[in-house]
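Fold and contact review
Spelled out, the chains give:
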Amino acid sequence: LIFYTSAALTPWLSKAVHSLAPNSPTLELISTKDTILLPLRSDHLFSTGEHAGHKDHVDQVYDPHAWLDPLNAMAWIARIADQLAALDSSNAAVYYKNAEIASQNLKMLMADLETELNGLDHVPYIVFHDSYQYFERRFNLNPAASISLGDGTQPGISQIHKLQSVIKSSEARCVFSEPQDSDRLINTVIDGVDIRAAQIDPLGMSLEVGQNLYSDLLKNLSSSLYECLSVK
């Protein structure tokens, strides 16, 4: 049984699964029941007109970074338990109990993160890659712009000039890089602009793989944002 987040993130996966495990059932989590989805933003400068919703428009292009909303993680935990229980009915009670415990732990984590990030809703900042809007909407943060789009499209010269103007006009407090990307483009954008630089990681690249990976990822993301945005 193979679970994956989204075909948009791993377009190579279906071919690989067909070759390596043709008889294995698969489940794309982002397409499952109760998943909250956000439209993929098409502009480096963020607007406020976009809204969250469930899968009610089949032609809508959705942002695939949906795991950064812990409510989605809870919905996916339930779907994962359903699939495991269907394949291994003798252990169904164990899967459902573990799912219940995991969801309760996520609820407590959400409360902790809400407390940590409380009061930062009016502090603007810039991200390198537009991959955080699920987290930002859930915890009421205030991103002003991204340097590259959610699909990885990087800015041209005119967009860089617009980004520099937004940084100045919004008085953005921080610009956040990611560990897997070079800082060269960020340095170009913030050249001559008074703004702090820090790093956030939406993938948990530096974290130990294990049962705490997801919660550690959210904790690190929250603490990195707090440490930079809370300093005036």
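A quick note: this is a predicted structure, and the numbers were derived from the prediction, not measured. (Residues numbered from 1 in each chain as written. Predicted model: local features only at pLDDT ≥ 70, side-chain atom pairs only at ≥ 80, totals over all residues. Heavy atoms only, no water.)

For the rest of this paragraph, the subject is the state of the cysteines. For the coordinates displayed, the defined rule picks out one disulfide. Here Cys174 engages in a disulfide with Cys228; their sulfurs sit 2.0 Å apart. Note on the Cys174 and Cys228 pair: the S-S dihedral is about -110°, so by sign convention the disulfide is left-handed. Of this pair, Cys174 sits in strand 5 (residues 174–177) while Cys228 sits in helix 7 (residues 213–229), and the two are 54 residues apart along the sequence. Among the residues examined, Cys174 registers a relative accessible area of 0% and is labelled buried. Classification of Cys228 by relative accessible area gives buried; the value is 6%. (Disulfide = S-S within 2.5 Å. Helix = DSSP H or I, 4+ residues; strand = E, 2+ residues; numbered from the N terminus. Buried < 20%, exposed > 50% of the residue type's maximum accessible area, 1.4 Å probe, protein only.)

Phi at Asp34 takes a positive value of approximately 75°, unusual for a residue other than glycine. Classification of Asp34 as partly exposed rests on a relative accessible area of 40%. Unusually for a residue other than glycine, Asn140 sits at a positive phi of about 55°. Tracing the backbone shows Asn140 in the loop between helix 4 (133–138) and strand 4 (142–148).

Now for the packing of helix 3 (residues 92–117) against helix 7. Between two packed helices, what matters for the description is the angle formed by their axes and the separation of those axes. Put simply, helix 3 and helix 7 touch, their axes get as near as 10 Å, and they point 5° apart. Comparing the axis directions of helix 3 and helix 7 gives the class roughly parallel. Together, Leu106, Leu109, Leu113, Glu116 and Leu117 of helix 3 and Tyr214, Ser215, Leu218, Lys219, Ser222, Ser223, Leu225 and Tyr226 of helix 7 make up the contact between the two elements. The residue makeup of the contact of helix 3 with helix 7, split by class, is eight nonpolar, three polar and two charged. (Axes fitted to C-alpha atoms, helices over the stretch in contact; angles between N-to-C directions. Parallel < 35°, antiparallel > 145°, perpendicular 65-115°, else oblique. Contact = heavy atoms within 4.5 Å. Nonpolar A, V, L, I, M, F, W, Y, C, P; charged D, E, K, R; others polar.)

Our next topic: the pairing of strand 5. Because side chains alternate across strand 5, one face comprises the buried residues Cys174 and Phe176, and the other comprises Val175 and Ser177, equally buried. Note that strand 3 (residues 124–129) and strand 5 share three bridges and pair parallel. Looking at strand 5, one finds that Val127 is bridged to Phe176. (Pairing = 2+ DSSP bridges.)

Here the focus is the packing of aromatic side chains. Within this structure, the stated rule accounts for two aromatic pairs. Ring geometry for Phe135 versus Phe139: centroids 4.7 Å apart, planes at 45°, classification tilted. Comparing Phe135 with Phe139, the two get one shared label, buried. Stacked on the ring of Phe46, the Lys or Arg Arg41 has its end atom at 3.6 Å from the ring centre. (Phe/Tyr/Trp six-rings, centres within 6.5 Å; stacked < 30°, edge-to-face > 60°. Lys NZ or Arg CZ within 6 Å of the ring centre and 35° of its normal.)

What follows concerns the sheet that holds strand 4. The strands making up a sheet associate through backbone hydrogen bonding, with each pair oriented either parallel or antiparallel. With parallel pairing, the four strands of this open sheet are ordered in space as 4-3-5-6. Each edge of the open sheet is held by one strand with a lone partner, namely strand 4 and strand 6 (196–199). Within this sheet the neighbouring strands show an average axis-to-axis angle of 25°, counted without direction. With five bridges joining them, strand 3 and strand 4 adopt parallel strand pairing. Bridging from a neighbouring strand, Val127 pairs with Ser146 of strand 4. Across the face of the sheet, helix 5 (residues 157–170) comes into contact with strand 3 and strand 4 while running at roughly 160° to strand 4. Running at roughly 150° to strand 5, helix 7 makes contact with strand 3, strand 5 and strand 6 of the sheet.

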